[in-house]
Structures are given as structure tokens and as C-alpha cells.
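Summary of structural features
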Amino acid sequence: MGPHPAVAAIRLAVRRVLHDVLTEHHTRADHAGGHPDRSGRPPGTAPDRPLVLVACSGGADSMALASALAFESRKLAVRAGGITVDHGLQDGSDLRATEVAGRMAALGLGPVEAVTVTVGREGGPEAAARDARYAALDAAAERHGATAVLLGHTRDDQAETVLLGLARGSGIRSLSGMAAVSGAAGRYRRPFLELDRQTVRKACVAQELAVWDDPHNADPAYTRSRLRHEGLPALEKALGKGVVEALARTARLSRDDADALDSWAADAETAVRDEAGRLECAKLFGLPPAVRRRVLRRAVIAEGAPAGSLFARHIEEVDRLITGWRGQGAINLPGRVEARRQGGRLVIRQG
């Protein structure tokens, strides 16, 4: 008798990602002039096998992911470890992080590490915690030499992300939600984006995995929590079932369109600069608006504006220096960056 259907589903999702990681690992080895099997060491020894870490909070999504990684890695030439991040935002969070690390070790993962971070205030509590968490995961991946870090985001998380982007009016890139592969060199992988949260929870129950439900996930003080417990249920009540699946599908389609436009903008950016590298307003004006605004966003970020703090309204104001020039002054942007029009050129720099 095979595993519970939910358990089979999460394992299959992780297996596919691990196969991708292995394929990329071997391709890089070939391009570097060697192959793990030609290194002089017996195949399957630790130095030949890529390390994959799971980011685990102890919640159902990440515990299911940790269990699937531990199971599948034993059948493949992959080393599997885990990282849990203590944000220090709740009483006893340090003890909980230690407990989660112990659970991962009990699953057979190693190395396992609990990392404590300091959460700032920039961008609000949710954004600040996310920034601190990813910084810790990046550092852990570098420290351990990990090829990939698995994240437990589900299709429901994707739907919430799309709705949050829609509410901010941030454009098609926000509607594209979370990528299955992201980060430097494709470090972050999200195997569960095609699985719903209920399936993942069923897998935990079937395996008798102890999970921890973060009270912040049910706290109405947090925007995502309100959306999860009030907004999405209201949409499903008004529009019928299938809203989550439709939003996730919107993310996939939007990502394809956004990727194509980003590529176009990257190619166009060189063509709209003069010999000194300055942006020429007349050439920018000739671009399609969607491409022009991407060129402007790239230029603003290149001068030091934090991408996470740069919204559509900021780029629209800069765009008016091109399309609605009336002699207006400099536009102040996040990161102390300013944009102004001078002599037919768009000058973007830190003020």
C-alpha cells in the first residue's frame, strides 16, 4: 500500500525540484571542465553531492516540505539540511526555534541550524521580517555552501500575493506573484506553488508531524492575515470556488508577460542612452509605456533606490518628466534618489 495521496503529492513536487537541482549541478560541473563522477572520488560521496536546505518555521507548510526533502534526498545524490529563523518577535521564540531544529534533525536532515535575526522597521513589520529572514537564509546558504533553499509557499500563498499586488496597484510584475525559482543563481525553490494549503496540512496529519501554528498568521493586525481569513473567503463566497486556482493561474500568465517586457526593457535601455550613458528623453518618449517605465525603474534602482520601496506611483512621477514635461522640479524617490530633467536628458542620482 502506497503513501497517503497528500504525502505522495508533496514528495513528487520535491522530487521534481531535486531532479532540477541535480541536472543544473551536473551542467555547471561540466562547464567548469569536470564532472562529479570524474573527480577522482567515488560517486555519491559528500563533496560530489549538492546540498539543499529547507527553510522551516515549524508550520505545516514547511514541516511537510522538510519531511518530503528528507525522504526524497535519501533516494537521490543530494545532501539535505535545514534552517529555521528566529525573528525574536514573540516570547519563547528562541526555544521554539531550537525545537524546530530538533524536529528537522529527527527527520534525518543535516546540517541543521537555528538562526536569530534582528527585525528592523523599514517597510512595515511584515516586510521587515521578510527582509531579515531572507538575509539570514542567504547567509546560511553561503556559510554551508548550499546549492538551493526550499521554501514552503503554497498555491494559497500565491493567490494572497497576487491580491496584495493588485491592491497596491503595482502593475503586472506584482500580479505575477512568487516565482518557482528566484534569487541569485536560482537559489530559492518553491515546490508547493501548485499544491493547496489543505493538501499540505493533510500530509502532516498523515505523517503525524508535529506542527506549530504561528499566531501572527491569525492576527488581524497583519494585512496578509486579514486577507487570508476575511478577504479570500469573502471572494469565494461572492464568486464561487476556484478563486485561488484562478489567481494562481493569473500569476503564471502575468509572469510570462512581465518577463518578456523586462527582457525588452533591458535591450532598449542601451539604445536610449547617449555616448556618456545619460538617458535621452526623446528616445525614451518613443518607447511603449510599459517598456519605458521598466527602463526608468531599472535606472532608479541602479542609482540606489530599494526595489521593495519603489512603487508604481514613483515611476509614474518620473515618467511624467518624459511624457508631461512642464518644467517641473526634481522627483524625490526612496533611498534619497532624485530624478530631474536637464537639457533633454533624464538625470537620476542620489541627492
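See the structure printed just above.
My aim in this report is to walk through the structure given alongside it, one point at a time. (Residues numbered from 1 in each chain as written. Predicted model: local features only at pLDDT ≥ 70, side-chain atom pairs only at ≥ 80, totals over all residues. Heavy atoms only, no water.)

**Some remarks on the layout of surface pockets**
In this model, the second largest pocket occupies a volume close to 460 Å³. Taken together, 23 residues line the second largest pocket, and the ones lying closest to its centre are A180, R190, P191, L193 and E194. Residue assignment for the lining of the second largest pocket shows that the elements contributing at least two residues are α1 (5-31) and α9 (243-271). (1 Å grid on protein atoms, 1.4 Å probe; cavity = no way out; pocket = protein on both sides within 12 Å on 5 of 7 lines; lining within 4 Å. Points joined across faces, edges and corners; volume = space filled by probe spheres on them. Helix = DSSP H or I, 4+ residues; strand = E, 2+ residues; numbered from the N terminus.)

**Some details on the sheet that holds strand β8 (residues 331-333)**
In a beta sheet, neighbouring strands are held together by backbone hydrogen bonds and run either parallel or antiparallel to one another. Overall, antiparallel pairing links the four strands, which are arranged β7-β10-β9-β8 in an open sheet. The strands lining the two open edges of the sheet, one partner per strand, are β7 (279-280) and β8. Across the sheet, helix α11 (residues 289-302) touches β7, β8, β9 (337-342) and β10 (345-350), and the angle it forms with β10 is around 35°. (Pairing = 2+ DSSP bridges. Contact = heavy atoms within 4.5 Å. Axes fitted to C-alpha atoms, helices over the stretch in contact; angles between N-to-C directions.)

**Quick notes on α11**
The terminal C-alpha atoms of α11, which comprises 14 residues, lie 20 Å apart, in line with the 20 Å expected from a rise of 1.5 Å per residue. All buried positions along α11 are accounted for by V291, R292, R294, V295, L296, A299 and V300. Backbone geometry just after α11 places G304 at a positive phi near 115°. (Expected span 1.5 Å × (residues − 1). Buried < 20%, exposed > 50% of the residue type's maximum accessible area, 1.4 Å probe, protein only.)

**So, the pairing of strand β2 (residues 79-86)**
Buried residues dominate β2, accounting for seven of its eight residues. Across five bridges, the pairing between strand β1 (residues 51-55) and β2 is parallel. Of the residues in β2, the one forming a bridge with A55 is I83. Handedness of the β-α-β unit built from β1, helix α2 (residues 60-73) and β2 comes out right-handed. Tracing the backbone out of β2, into helix α3 (residues 93-106) and back to the parallel element strand β3 (residues 112-116) gives a crossover that is right-handed. (Right-handed = clockwise from strand over helix to strand, strands pointing away.)

**Re the packing of helix α8 (residues 223-239) against α9**
At a closest axis distance of 9 Å, the pairing of α8 and α9 adopts a crossing angle of 105°. The pairing of α8 with α9 is recorded here as roughly perpendicular in orientation. Note on element contacts: α9 touches α8 through V243, V244 and L247, opposite L232, L235, E236 and L239. The class makeup of the residues in the contact of α8 with α9 is six nonpolar, no polar and one charged. (Parallel < 35°, antiparallel > 145°, perpendicular 65-115°, else oblique. Nonpolar A, V, L, I, M, F, W, Y, C, P; charged D, E, K, R; others polar.)

**A word on the pairing of β10**
Relative to β10, β7 runs antiparallel, the two being bridged by two bridges. Across the sheet, the residue bridging to L279 is L346, located in β10.

**Observations concerning the side chain of D156**
Among the structural elements, D156 can be located in helix α5 (residues 155-168). An unpaired buried charge is present at D156: no salt bridge exists, and R197, the closest side chain of opposite charge, is 4.5 Å distant. Within the local environment of D156, its side chain forms a polar contact with the backbone nitrogen of R197, the two atoms lying 2.6 Å apart. If we skip the residues at most four places from it in the chain, D156 touches D196, R197 and V244. (Lys, Arg positive; Asp, Glu negative; His and termini not counted. Salt bridge = Lys/Arg side-chain N within 4 Å of Asp/Glu carboxyl O. Polar contact = N/O pair within 3.5 Å; in protein donor to acceptor, adjacent residues only side chain to side chain.)

**Some thoughts on the sheet that holds β1**
Read across the open sheet, the six strands follow the order β3-β2-β1-β4-β6-β5; overall the sheet is mixed. Both edges of this open sheet fall to β3 and β5 (181-182), since each of them pairs with a single strand only. Here β1 runs beside strand β4 (residues 148-150); their pairing, made up of three bridges, is parallel. Note on β4: the bridge partner recorded for V54 is L150. Along the sheet, α2 makes contact with β1, β2 and β4, crossing β1 at roughly 160°.

**So, the packing of α11 against helix α12 (residues 312-323)**
Contact pair α11 / α12: the axes reach a minimum separation of 10 Å and the direction vectors enclose 115°. Accordingly, the angle class assigned to the pair α11 and α12 is roughly perpendicular. α11 and α12 meet at a crossing whose hand is right-handed. Of α12, the residues touching α11 (which contributes R292, R293, L296 and R297) are I315, V318, D319, I322 and T323. Within the contact of α11 with α12, the residues separate by chemical class into four nonpolar, one polar and four charged. (Left-handed = near helix turned anticlockwise from the far one by under 90°.)

Note that every value here comes from positions in space, so none of it alone points to a role or purpose.
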